[in-house]
Amino acid sequence: LPSPLPGHDLPTIIHHSIVDTSAVILNCLLLLAIIQRSPKSLGSYKVLLISSAIIDLLSSFCMLLMMIRVIPAGFSLSYVYDGPCACVSGIFCHCIYTVMISTCSQSVFLIALSFFYRLYILGRSAPTNNAVFGICLIVFIPNLMVLTTFMFTLADSNDVRALLRELRPEYVLDDYVVEGHISIFNPLTIFAILAMTMPIGPTLIIIFIIRKRVLKLLSAHSAKMSGRTADMHSALARVLTLQSLLLVFFSGAVVSYALCQFEIMCSPVQEHFIMESLSFIAFLAPMITIYCITSYKQ
């Protein structure tokens, strides 16, 4: 890293150090609470909670290691790393970045899957743990494809630096670890970008449609449930509703990226914000779950 640090780098390092470290701790606490204090009425839904906590833990840990700045410029896409991974190598940082982007869209899919689960069990027997785990693996297939292909899409770092000097001559990046792609239209690169950005809109629509149906059925079936079961359904519906609102941070990251990539509006602060915005999801999601489920909060 350069010395002294540019003004836009220091806030980012502070942000990731505080938010991502807190997210790692909170998700570890949530995992412990799920394993030790889950009520029997949760049933196989515990598998979904564990999956979401692990995904968020992995996401926040990767963010902490990278502290990445994303620079979309023209048809290129570059990554500047301020985090500890830069002490190893650019390739190592890119591998961590690949893991991180696969977890981000997976957390969105798991929220949608959780709503489907709640809709399914209202009036039906709960699926087995193995069935829920198997569905989680199936949902992970698109991100597994990203995970196994995006690692091999990097251009030579010297070529990336040369292109950035041409497209962003005002940026001084000689003292940073820089990796990236000369063109986003490389098939594997564009596949990863589309896999990250395209599902957010349709998934949000599906989430809010299913949420409406869940709340309607929950209201209709509440008279037939015991008080404890009804409270648990209500608490989990509240958790999912609040977590679905966190997708505004995902939307903010996508919008910031698109504004930069299409040369509409871009700045170093905005480039940092793309990933800073995503880091709030893994930070706030465990807080919501712990707060809303009484046994975890206790």
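Residues numbered from 1 in each chain as written. Predicted model: local features only at pLDDT ≥ 70, side-chain atom pairs only at ≥ 80, totals over all residues. Heavy atoms only, no water.

With that out of the way, let us pick up the UniProt feature "transmembrane region" (unreviewed entry) in the protein. In this structure's numbering, the residues bearing the UniProt feature "transmembrane region" (unreviewed entry) are residues 13–35, 47–68, 88–119, 131–155, 188–210, 235–258 and 278–296. End-to-end, the C-alpha atoms of residues 13–35 are 33 Å apart, and along that stretch the chain is 100% helix and 0% strand. Secondary structure over residues 88–119 splits into 94% helix and 0% strand, and the C-alpha atoms at its two ends are 46 Å apart. (UniProt positions renumbered as here; feature names shortened; annotations may be inferred. Helix = DSSP H or I, 4+ residues; strand = E, 2+ residues; numbered from the N terminus.)

Let us look at a nonpolar patch on the surface. A grouping of L1, L5, L10, I14 and I18 is seen on the molecular surface, where their side chains present a nonpolar patch of about 440 Å² in accessible area. Structurally, L10 is set in helix α1 (residues 9–37). (Patch = residues over 30% accessible without salt bridge, like charges linked within 9 Å, V, L, I, M, F, W, Y side chains within 5 Å. Areas by Shrake-Rupley, 256 points an atom, 1.4 Å probe, with all protein chains shown as cover. Salt bridge = Lys/Arg side-chain N within 4 Å of Asp/Glu carboxyl O.)

Now for the packing of helix α3 (residues 90–121) against helix α4 (residues 129–139). Between α3 and α4, the least distance of the axes is 10 Å, while the angle of their chain directions is 140 degrees. With respect to each other, α3 and α4 are oriented oblique. Every pair of crossing elements has a handedness; the one defined by α3 and α4 is right-handed. Here α3 contributes Q106, F109, L110, L113 and Y117 to the contact with α4, which in turn contributes V132, I135, C136 and V139. Here the residues of the contact of α3 with α4 sort into eight nonpolar, one polar and no charged. (Axes fitted to C-alpha atoms, helices over the stretch in contact; angles between N-to-C directions. Parallel < 35°, antiparallel > 145°, perpendicular 65-115°, else oblique. Left-handed = near helix turned anticlockwise from the far one by under 90°. Contact = heavy atoms within 4.5 Å. Nonpolar A, V, L, I, M, F, W, Y, C, P; charged D, E, K, R; others polar.)

Before going further, it helps to spend a moment on helix α6 (residues 157–167). Within α6, burial applies to V160, R161 and L164. Along α6, the residues classed as buried sweep out an arc of 100 degrees about the axis, all on the same side. Within α6, the exposed residues directed more than 90 degrees away from the buried face are N158 and E166. Capping the start of α6, D156 holds a side-chain oxygen 2.9 Å from the backbone nitrogen of N158, two or three residues further along. (Buried < 20%, exposed > 50% of the residue type's maximum accessible area, 1.4 Å probe, protein only. Arc of directions from axis to C-beta. Polar contact = N/O pair within 3.5 Å; in protein donor to acceptor, adjacent residues only side chain to side chain.)

The next thing to look at is the side chain of D82. The residue D82 is located in the loop between β2 (76–81) and α3 in this model. The buried charged residue D82 lacks any salt bridge, with R69 as its nearest oppositely charged partner at 6.9 Å. Sequence-distant contacts of D82, defined by excluding residues within four places in its chain, comprise L1, D9, I13, M66, M67, Y176 and H272. (Lys, Arg positive; Asp, Glu negative; His and termini not counted.)

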